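In case you want the letters, here they are:
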Amino acid sequence: TPSGSATMDGIISANRTYQPESWQAKKSHAPVFVRPLFLESGLVEIQNRHQFTNLNELNMEWKILEDGTVIQEGELSLDIPPLTSSQVKIPFIKPEIRVGSDYILLLQFRTKQESKWAPSGYEITFEEFCLPFNNDSQISLRDQEMGNLTITENEENIRISVRDVMYVFVKSTANLSQVTYKC
């Protein structure tokens, strides 16, 4: 290949190390798809994209993370036939919300048994969702820190100002034309 060309590199190197693209390919071709329905109560829709395999052949592990630390976890047994979907309730308990913390629902689908191509516990795919938990005091604290937002416009521009920063957008192109910070 020409020097600098990546057309023949592939997603696994000649020395069998994985390229970042291999993880994207694994995610894009995942046989399980999860769609959030009502995350506050743990309701999701799980779609089995396998042609012949029931999802009862996988373990589904769930975790609630608070700022990256696991605070709740469990396993669910699924029985979703090939090419179908089902609504599933993740049985977590809403945690005590801490100001400024982020909460993530992590779902992992792993093999139950060892096979010729993967060990037992091999992660087939995962999904992560930001949980819509917040603390009202967090919002009011953020509003106090930010100050008042001011929006003014004329024929050509829209100006957005807050505290010491001003943004100017050109209306005809929607381009950001100026950012000003007042020291």
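Attention here is on the structure that accompanies the text. In this text the structure is predicted, and so the values were computed from the model without any measurement.

## Structural notes on the sheet that holds strand β4 (residues 69–76)
Strand pairing in a sheet takes place through backbone hydrogen bonds and is either antiparallel or parallel in direction.
Logical step 1: In spatial order, the strands read β4-β3-β6-β7; together these 4 strands make up an open sheet with antiparallel pairing. Where the open sheet ends on each side, the last strands, each with one partner, are β4 and β7 (123–130). Within this sheet the neighbouring strands show an average axis-to-axis angle of 20 degrees, counted without direction.
Logical step 2: Alignment of strand β6 (residues 103–111) against β7, held across 7 bridges, turns out to be antiparallel. Bridging from a neighbouring strand, Leu 106 pairs with Glu 128 of β7.

## What about the sheet that holds strand β1 (residues 32–38)?
Logical step 1: Strands sit in the order β1-β2-β5 across an open sheet of 3 strands; the sheet is antiparallel. Only two strands of the sheet have a single partner each, and these edge strands are β1 and β5 (85–89). Going across the sheet, the axis of each strand differs from the next one's by a mean of 25 degrees, ignoring polarity.

## Description of unusual backbone geometry
Among all residues save glycine, negative phi is the norm, and among peptide bonds the norm is trans.
Logical step 1: A positive phi angle, near 65 degrees, is found at Arg 16, a position not held by glycine.
Logical step 2: Position of Arg 16 among the secondary structure elements: in the segment before α1 (20–28).

## Points about the layout of surface pockets
The gaps of empty space that remain are located by a probe, the size of a water molecule, rolled over the atoms.
Logical step 1: Of the voids in this model, the largest pocket is the one considered here, and its volume is about 240 Å³.
Logical step 2: Every residue lining the largest pocket is listed: His 50, Thr 53, Glu 57, Leu 58, Thr 111, Lys 112, Gln 113, Ser 115, Trp 117 and Ile 124.
Logical step 3: Classifying every residue of the lining of the largest pocket gives 3 nonpolar, 5 polar and 2 charged.
Logical step 4: The calculated volume of the second largest pocket comes to roughly 160 Å³.
Logical step 5: Looking at the lining of the second largest pocket residue by residue, the class counts come to 6 nonpolar, 1 polar and 1 charged.

## A few points about the nonpolar core
Logical step 1: Within the largest apolar cluster, 25 residues are counted, with the highest numbers of intra-cluster contacts made by Ile 46, Ile 90, Leu 107 and Phe 109.
Logical step 2: Elements represented by at least two residues in this core include exactly β1, β2 (43–48), β3 (58–66), β6 and β7.
Logical step 3: Apart from the residues within four sequence positions on either side, Ile 90 is in contact with Ser 41, Gly 42, Val 44, Met 60, Trp 62, Leu 76, Leu 105 and Leu 107.

## Some thoughts on the environment of Leu 83
Logical step 1: Position of Leu 83 among the secondary structure elements: in the loop between β4 and β5.
Logical step 2: Spatially, the C-alpha atom of Leu 83 lies 8.9 Å from that of Thr 53, the residues being 30 residues apart in sequence.

## Some words on the pairing of β6
Logical step 1: Within β6, 7 of the 9 residues are buried, leaving the element largely enclosed by the surrounding structure.
Logical step 2: Pairing of β3 with β6, which is carried by 9 bridges, proceeds in the antiparallel orientation. For Leu 58, the partnering residue across the bridge sits in β6 and is Thr 111.

## Focus: the packing of aromatic side chains
Logical step 1: Under the definition given, this model contains 4 aromatic pairs.
Logical step 2: Relative to Trp 23, the ring of Tyr 18 lies with its centre 5.7 Å away and its plane at 45 degrees, an arrangement referred to as tilted. Here Tyr 18 and Trp 23 have matching classes, each one exposed.
Logical step 3: Here Trp 117 and Tyr 122 contribute two aromatic rings whose centre-to-centre distance is 5.8 Å and whose plane-to-plane angle is 85 degrees, an arrangement assigned as edge-to-face.
Logical step 4: Three or more aromatic residues joined by ring pairs make a cluster, and in this case those are Phe 92, Tyr 103 and Phe 133.
Logical step 5: The ring of Phe 126 is capped by Lys 27, whose NZ or CZ atom sits 4.6 Å from the centre of that ring.

## Structural notes on the side chain of Glu 127
Logical step 1: Here Glu 127 lies in strand β7.
Logical step 2: Exposure remark for Glu 127: the relative accessible area of 14% places this residue in the buried category.
Logical step 3: Side chain to side chain, Glu 127 and Lys 27 meet in a polar contact 3.1 Å long.

Thresholds applied
Residues numbered from 1 in each chain as written. Predicted model: local features only at pLDDT ≥ 70, side-chain atom pairs only at ≥ 80, totals over all residues. Heavy atoms only, no water. Pairing = 2+ DSSP bridges. Helix = DSSP H or I, 4+ residues; strand = E, 2+ residues; numbered from the N terminus. Axes fitted to C-alpha atoms, helices over the stretch in contact; angles between N-to-C directions. 1 Å grid on protein atoms, 1.4 Å probe; cavity = no way out; pocket = protein on both sides within 12 Å on 5 of 7 lines; lining within 4 Å. Points joined across faces, edges and corners; volume = space filled by probe spheres on them. Nonpolar A, V, L, I, M, F, W, Y, C, P; charged D, E, K, R; others polar. Core = buried A, V, L, I, M, F, W, Y, C linked by side-chain atoms within 4.5 Å. Buried < 20%, exposed > 50% of the residue type's maximum accessible area, 1.4 Å probe, protein only. Contact = heavy atoms within 4.5 Å. Phe/Tyr/Trp six-rings, centres within 6.5 Å; stacked < 30°, edge-to-face > 60°. Lys NZ or Arg CZ within 6 Å of the ring centre and 35° of its normal. Polar contact = N/O pair within 3.5 Å; in protein donor to acceptor, adjacent residues only side chain to side chain.

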